[in-house]
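Chain by chain, the residues run as shown.
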Amino acid sequence: MKKFFPQFESDFRKLLDACAGRNIAVVGHLRPDGDCISSEFALADLLEKSGAGKVVCLNEHPIPHLYVNFAYSRELLSAEAFDDKSFEIVTVDCADYSRTNKALCERFPNPLAAIDHHATNSGAARINIIDPSAAATAELIAGLACDAGLEISKHNADRLLMGIVMDTRSFTTSSTRGLTYEIAAMLSERGADSAFVAQQLYQRERPEKLALLAIYLKSLRSHFGGKLRLGTLTLADYAESGAEKADSDGLVDYARSIDGAEIGALLEELKIGVKGSLRSKDPAMRVSDIAKMFGGGGHFAAAGFTAKGETLDSFMPKFLEAVESSILKYHK
Ligand SMILES: [Mn+2]
């Protein structure tokens, strides 16, 4: 049978061997998205069924509303509170270990493994399975599990399809490739239900999120002749709409969706600074380079950062300058 990821077969085998009989904590990036949640829960099941000891899932933040029906019997425990030293750490969908939780990184400075698809991942774990061409970490985990002959249950097929659907915006991103469809087909054969996934992701929005969207849309401004469409959200906007932090996920896509926009951006006021989310239409317009300038990272066409100690007012000129130089570089 065709292997999806022959280049990672021995590393994944190494990971399974290293997990045998050991307690494993699977952790993903803070403010988890669908790919992160799907990867955490599915990998935890797969490791447990292939001989690991106790396996738990950790995150700095709780599971967002849209993904709760993919938890099944799994829980997402607080990364901040976790201190059981009998566990080894495996990160998923995490460009950088520091994007998990500060206290966790201090308590467990030497993670066992990382499975990820971010181009900016530096590969600092002991076993690194990193494929920047994978459309989702869930795509990578699904392919690795299939290649290794592990059983993929219906629940895990649903979860992994969800991760792929989220990170590819329903198979429409430039990262979507032939292999993405082949892996989705493999998951479908194992019982993944597209209609269930779509219903969970697209027909369960909280009204508070739509109220936040309305505020964001109203805040959108055009810069550089419409090449940048930028919207902002303040702490007061969250209070007014009743939305949660996780409700800003995906809003930036509306900025990018405007005709002529090359970059869509969302700047959010946090208590500790300003969080930025950036999207471009063309991966050659590398918004990850802009994110890196402010201590963040991500993919060429989808990246983010947190500029600590800044306010929206203090940060805006710096941000516009960085975007302007990227736009000039792109059009050179
Ligand atoms: Mn991802």
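Residues numbered from 1 in each chain as written. Predicted model: local features only at pLDDT ≥ 70, side-chain atom pairs only at ≥ 80, totals over all residues. Heavy atoms only, no water.

> Explain unusual backbone geometry to me, please; I cannot follow it from the model alone.
In most cases, non-glycine residues show a negative phi, while peptide bonds are predominantly trans. The backbone phi angle of Arg-169 is positive, close to 45 degrees, even though this residue is not glycine. Relative to the assigned elements, Arg-169 resides in the loop between helix H5 (154-167) and helix H6 (178-189). (Helix = DSSP H or I, 4+ residues; strand = E, 2+ residues; numbered from the N terminus.)

> Even after reading the chapter, I still don't get the pattern of salt bridges, so can you show me in this structure?
Note that side chains of opposite charge can pair when their charged atoms are close. A complete count under the given rule lists 21 salt bridges for this structure. Ionic pairing is found between Glu-106 and Lys-102, a salt bridge with its closest N-O pair at 3.7 Å. Separated by four residues within a single helix, Glu-106 and Lys-102 lie in helix H3 (residues 102-107), roughly one turn from each other. Side by side, Glu-106 and Lys-102 carry an identical accessibility label, which is exposed. (Salt bridge = Lys/Arg side-chain N within 4 Å of Asp/Glu carboxyl O. Buried < 20%, exposed > 50% of the residue type's maximum accessible area, 1.4 Å probe, protein only.)

> Just checking my understanding: could you explain the coordination of the manganese ion for this structure?
Coordination of the manganese ion by the protein is provided by Asp-35 (OD), Asp-93 (OD), His-117 (NE2) and Asp-167 (OD), with metal-donor distances spanning 2.2 to 2.3 Å. Counting residues between consecutive donors of the manganese ion along the chain gives the motif D-x57-D-x23-H-x49-D. Remark: His-117 occurs in the loop between strand E5 (113-116) and strand E6 (127-130) and Asp-93 occurs in the loop between strand E4 (87-92) and H3; sequence separation between them is 24 residues. Considered together, Asp-93 and His-117 belong to a single accessibility category, that of buried residues. (Donors = N, O, S within 2.8 Å, 3.2 Å for Na, K, Ca; no water.)

> Help me understand the side chain of Asp-131 in this model?
Looking at where Asp-131 falls in the secondary structure, it is placed in the loop between E6 and helix H4 (137-147). Other than its neighbours up to four places away in sequence, Asp-131 contacts Phe-5, Gln-7, Phe-8, Asp-116, His-117, Leu-140 and Arg-177. (Contact = heavy atoms within 4.5 Å.)

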